[in-house]
Amino acid sequence: MKFPNSNLPCKERRLFLPQVTNNVDTRKRGRTRVPPNTRERLKHLTVDPHTTQTSSSSTEDESMSEIGRKNLVTMTRYIQKNDKLPEDKRSEFALLFSAIQLASKIVGNSMKRAGIESQFGVTGTTNVHGEEVKKLDLIANDAFKEALVESGQVAVMASEEEEEAVIVENTTGKYVITFDPLDGSSNIDANVSVGSIFGIYEKKSAGKNGDTSDCLQAGRQLVASGYSIYGSAIIMVISLGRESGVQGFTFDPSLGEFVMSHPDMKVPENGAIYSVNEGNSAYWPKATSQYVEYCKSSGEGKKPYSARYIGSMVADVHRTLLYGGIFMYPADSKSPNGKLRYLYEVAPLSFIVENSGGLATTGTKRCLDIVPDKVHLRVPVFMGSKRQVLDVEEYFKKFPESK
Ligand SMILES: O=P(O)(O)OC[C@H]1O[C@](O)(COP(=O)(O)O)[C@@H](O)[C@@H]1O
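Position numbers for residues count from 1 along each chain, tracking the sequence in the order it is written. Local features are withheld for residues below a pLDDT of 70 in this predicted model, meaning they are given only at 70 or higher, and side-chain atom pairs are given and counted only at 80 or more; totals for whole chains, interfaces and linings count all residues. For side-chain calculations, the full set of non-hydrogen atoms in the structure is used, while hydrogens and water are omitted.

### So, the nonpolar core
Under the convention used in this document: Each nonpolar core is a collection of buried residues, namely Ala, Val, Leu, Ile, Met, Phe, Trp, Tyr and Cys, held together in the definition by side-chain atoms within 4.5 Å. When a residue's accessible area, from a 1.4 Å probe over protein chains only, is under 20% of the maximum for its type it is buried; when over 50% it is exposed; and in between it is partly exposed. A run of H or I in DSSP counts as a helix once it spans at least four residues, and a run of E counts as a strand once it spans at least two, with each numbered from the N terminus. By the convention used here, residues are in contact when the closest approach between their heavy atoms is within 4.5 Å.
Ranked by size, the top nonpolar core spans 43 residues in total, and within it Phe93, Phe97, Leu148 and Ile200 carry the most contacts. The element contributing the most residues to this core is helix α5 (residues 87-113), with nine residues. Excluding residues that lie within four positions of it along the chain, Leu148 makes contacts with Leu96, Ala99, Ile100, Val154, Met157, Ile177 and Phe179. Membership of the second largest hydrophobic core comes to 42 residues, among which are Met313, Tyr342, Tyr344 and Ile370.

In structure tokens:
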């Protein structure tokens, strides 16, 4: 969509934004009255949770798009206006998250065009985990690396696709980014939702350049984290800390912006969905197999939980955040530390789940308390609704040999 007179200052240019109501241009044929319940629904989209200003100023005869346009909360605006963040961090985070938004748009676009541009399939190489590298894994890894370096805010990066930590030289950047550029690789070619996961720490080492030790921090040290999910829509869910809570933004291709669509996400305290690859059950320790049996049991007012497993951690955790329940990737006799990697899968998502009111445990320890000793450390994980995670911890106390 080409904006006429595009050299007009920003404020005037907004007047040309497309009217979205039923795709009808309301200005020529007068206003569309907005039924009260739609007005209520719209209101939650337009309240900026982190500024004192609320948008209850919409009047009866304002059109939908006028309300939306006046209070559109893009991710960049949310960060710049977030008074829970120290002033200096707002501009740094705005640059960092612009880079992550750009990388997510590139990955989302590449996913959509993979079939057309023969980007499905493998590269023929394997990564540090011995996994076949998908073509889209590399595209995603390059997109994140380049955008993050360009932001000028990054000193060190740790990626699932990089054997070693990546040190950015000659930068004044003071942040450390851990990321899984494309999570759920086994689902990519099947057009099932996959995602990108990232965690943001502050550089701790004193030297001009950062080093690997800057990555080896407990999840509690995270200053922000998030994920992008590439499904029917591209949605980014982020947390800038417990005080800021968890916010979801949906990518609006007509604006090219991530717009707030899920303010103040809270995982339900108690859920009735369990998510685990039961194909591994033969190798599970007693605590895990007993807990999963409990999930499936009924009696004393408890109904069996529903089983849901997509096989992309981002997608399974996103559903858990919305509907409640528990996502699990336990340790077992085949993989004594489980499969999922701490720095760029478990820690960033545990930060999100805990800041939305849920919990994340290995069974015996809160995931955010783990101090990693290597970049690609694997840990078992049970995360989601508080009730379910506390139940898991009870089972590990009951069967201590399962540790
Ligand atoms: O196929 P499995 O063993 O159930 O493993 C699925 C898990 O592995 C992962 O695909 C691992 O992630 P990658 O695809 O990034 O390697 C998770 O997203 C998912 O939860």
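After presenting the structure, the write-up continues.
### Considering the UniProt feature "domain: Fructose-1-6-bisphosphatase class I N-terminal" (unreviewed entry) in the chain
Which entries qualify depends on this criterion: UniProt positions are given in the numbering used here, feature names are shortened, and annotations may be inferred rather than shown by experiment.
In this structure's numbering, the residues bearing the UniProt feature "domain: Fructose-1-6-bisphosphatase class I N-terminal" (unreviewed entry) are residues 74-263. The span residues 74-263 is 26% helical and 32% strand by assignment, and the distance between its end C-alpha atoms comes to 12 Å.

### A closer look at the site of the ligand
Note the threshold: Whether a residue is near a molecule or strand depends on its heavy atoms: it is near if one of them lies within 4 Å of it. What qualifies as a polar contact is a pair of N or O atoms within 3.5 Å, subject to a donor-acceptor requirement within protein and to the restriction that residues adjacent in sequence count only when both atoms come from side chains. Accessible surface is estimated by sampling points in the Shrake-Rupley manner with a 1.4 Å probe; for residues, cover comes only from the protein chains shown. Gly is placed with the polar residues, together with every amino acid not listed as nonpolar (Ala, Val, Leu, Ile, Met, Phe, Trp, Tyr, Cys and Pro) or charged (Asp, Glu, Lys and Arg). Segmentation into domains, and thus their bounds, comes from an automatic or database assignment.
Near the ligand there are 18 residues, and of these Asp183, Ser185, Tyr309, Met313 and Tyr329 occur at the shortest range. Glu160 has a polar side-chain atom sitting 2.9 Å from an oxygen atom of the ligand. Contact between the ligand and Leu182: an oxygen atom at 3.5 Å from a main-chain N or O atom of the residue. For the ligand, whose accessible area on its own is 470 Å², the fraction buried by protein is 88%. Here the shell around the ligand gets three residues from one element, more than from any other, and that element is strand β5 (residues 175-183). The class makeup of the residues in the shell around the ligand is six nonpolar, five polar and seven charged. A domain-level breakdown of the shell around the ligand finds at least three residues from each of domain 1 (10-262) and domain 2 (273-402).

### Some points on the sheet that holds strand β14 (residues 359-361)
For clarity, the threshold we go by: In this analysis, strands are considered paired if DSSP registers two or more bridges between them. Working convention: axes come from line fits to C-alpha atoms, limited for helices to the stretch in contact. Angles between N-to-C directions cover 0 to 180 degrees.
Strand order across the open sheet formed by five strands is β12-β11-β13-β15-β14, with mixed pairing between neighbours. With one partner strand each, in any of the chains shown, β12 (306-307) and β14 form the two edges of the open sheet. With four bridges connecting them, strand β13 (residues 326-329) and strand β15 (residues 381-384) associate as antiparallel partners. By the bridge assignment, Phe327 is partnered in β15 with Met383. Against the sheet, helix α9 (residues 342-355) contacts β14 and β15, and its axis sits at roughly 30° relative to β15.

### Let's talk about the UniProt feature "domain: Fructose-1-6-bisphosphatase class 1 C-terminal" (unreviewed entry) in the chain
Under the UniProt annotation, "domain: Fructose-1-6-bisphosphatase class 1 C-terminal" (unreviewed entry) lies at residues 267-396. Strand forms 12% of residues 267-396 and helix 36%; the C-alpha atoms that close the span are 23 Å apart.

### Thoughts on the domain arrangement of the chain
Here is the rule we go by: Summed over both partners, the accessible area (1.4 Å probe) lost when two parts come together is defined as the buried area. A carboxyl oxygen of Asp or Glu within 4 Å of a side-chain nitrogen of Lys or Arg is what we treat as a salt bridge.
Partitioning the chain into structural domains gives domain 1 (10-262) and domain 2 (273-402). Contacts between the two partners involve 48 residues from domain 1, matched on the other side by 33 residues from domain 2. Note on domain 1 versus domain 2: buried area summed over both sides is about 3,000 Å², and carbon and sulfur give 62% of it. Three residues stand out in domain 1 for area buried against domain 2, namely Leu216, Arg220 and Tyr227, and they jointly supply 21% of the buried area on that side. Counting across the interface, domain 1 meets domain 2 through five salt bridges. By residue class, the composition of the side of domain 1 that touches domain 2 is 20 nonpolar, 20 polar and eight charged.

### Remarks on the sheet that holds strand β10 (residues 257-262)
Pairing is mixed in the open sheet, where eight strands are placed in the order β4-β3-β5-β6-β7-β8-β9-β10. The open sheet has two edge strands, β4 (166-167) and β10, and neither has a second partner. On top of the sheet, α5 reaches β3 (154-159), β5, β6 (194-202), β7 (224-230), β8 (234-239), β9 (246-252) and β10; it is set at about 160° to β6, its chief contact. Strands β3, β5, β6, β7, β8 and β9 of the sheet are contacted by α9, whose axis makes an angle of about 85° with β6.

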